[in-house]
Amino acid sequence: MNTTFKKVSIIGVPMDLGQKRRGVDMGPSALRYAGLIEEVEEIGYEVRDYGDLQIDRSRVKESVPVNLTNLHEVIRVSEELQKEVEKIQEEGSFPLLLGGDHSMSIGSIAGLSKRYQNLGVIWYDAHADLNTADTSPSGNIHGMPLAVNLGIGHPSLTKIGGYGPKVKPENIVIIGARSIDEGERALIKEKGIKVYTMHEIDRLGMTKVIEETIEYLSERADGVHLSLDLDGIDPTDAPGVGTPVIGGVSYRESHLALEMLAESNLITSAEFVEVNPILDIKNKTGDVAVALITSLLGKRLL
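Definitions and cut-offs
Residues numbered from 1 in each chain as written. Predicted model: local features only at pLDDT ≥ 70, side-chain atom pairs only at ≥ 80, totals over all residues. Heavy atoms only, no water. Pairing = 2+ DSSP bridges. Helix = DSSP H or I, 4+ residues; strand = E, 2+ residues; numbered from the N terminus. Axes fitted to C-alpha atoms, helices over the stretch in contact; angles between N-to-C directions. Contact = heavy atoms within 4.5 Å. Buried < 20%, exposed > 50% of the residue type's maximum accessible area, 1.4 Å probe, protein only. Arc of directions from axis to C-beta. Expected span 1.5 Å × (residues − 1).

Remarks on the sheet that holds strand 1 (residues 7-13)
- Reading across from one edge, 2-1-3-8-7-4-5-6 is the order of the 8 strands in this open sheet, with parallel pairing throughout. The strands lining the two open edges of the sheet, one partner per strand, are strand 2 (46-52) and strand 6 (194-197). Within the sheet, the average angular offset between the axes of one strand and its neighbour, ignoring direction, is 15°.
- Looking at chain direction, strand 3 (residues 94-99) and strand 8 (residues 267-273) are connected through 3 bridges and run parallel. Of the residues in strand 8, the one forming a bridge with L97 is E271.
- The sheet strands contacting helix 2 (residues 36-43) are strand 1, strand 2 and strand 3, and the helix crosses strand 2 at an angle near 160°.
- Each of strand 4 (119-124), strand 5 (172-177), strand 6 and strand 7 (223-229) is contacted by helix 9 (residues 206-218), which is oriented at about 165° to strand 5, the strand it contacts most.

Regarding helix 2
- Those residues of helix 2 that fall on the buried side of the exposure criterion are L36, I37 and V40. Across the axial projection of helix 2, the buried residues extend over an arc of 95°, all falling on one side.
- Buried positions along helix 2 lie against strand 1, helix 1 (27-33), strand 2, strand 3 and helix 11 (284-296).
- G44, located one to two residues past helix 2, shows a positive phi value of around 120°.

Section: helix 10 (residues 251-264)
- In this model, helix 10 (14 residues) spans 20 Å end to end at C-alpha, consistent with the 20 Å of a helix rising 1.5 Å per residue.
- Of the residues flanking the end of helix 10, it is N265, one or two places downstream, whose phi is positive at about 60°.

Spelled out as structure tokens, the structure:
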């Protein structure tokens, strides 16, 4: 991360409405239980934990447009998160956001991008999350946030914070993709989005992928947000996720990636999403997430 930050501010977003599998709302608690705050303090940061946003499940029964599950409550939480993230940035603190499903990045990036002329985004994920209501096979909004942040999708989502788009396609790098829907594939080609699938990672090696990512975004972005979905990591290392896809990035490769990003001073905010303790084994995925967070924040063996 950017070493100009001395403080880390945490917000939990126990969002489980962007998809249909229960349990991911307990993700923020799993990370805290795994010792997140103590580990970050041990590195030398001042940590402020703002707790969790409140999710109102009573609103999920409200009628929504076709193929946009739980739209109204996703909008409300996104608007609240956007405001909270803006407050953290005003304090000069590093925003560290805990999910919850990946639909939360609609609110997080809405809060972040006002600060930057060219916000860069590293999307570390098995999925591209570039669907819309028209292309989504499921209607789950957690498969749409990157499209929303590009200004593509339902207007009530793309205009969170009163503006859009939040990110330019040339300022995005997707890493670890191995499950991409047809509509997403077409959008990637149309917008020229830079993607390192598992094929590229296997062929080039993670070191080269991150070196190229750092060089690419350093030339374009004045701030870079890391959005890391734990399903980007192979399910043998991170089993507690709602949409596991075999053949993913290893635990060690992910550590290397985040250590290199820490050394680059490129990262100005981060979110770690989709930890589902119900599907986990003895909080293994929560432990992995905390280890990766501390790598991003500069923890070293020596």
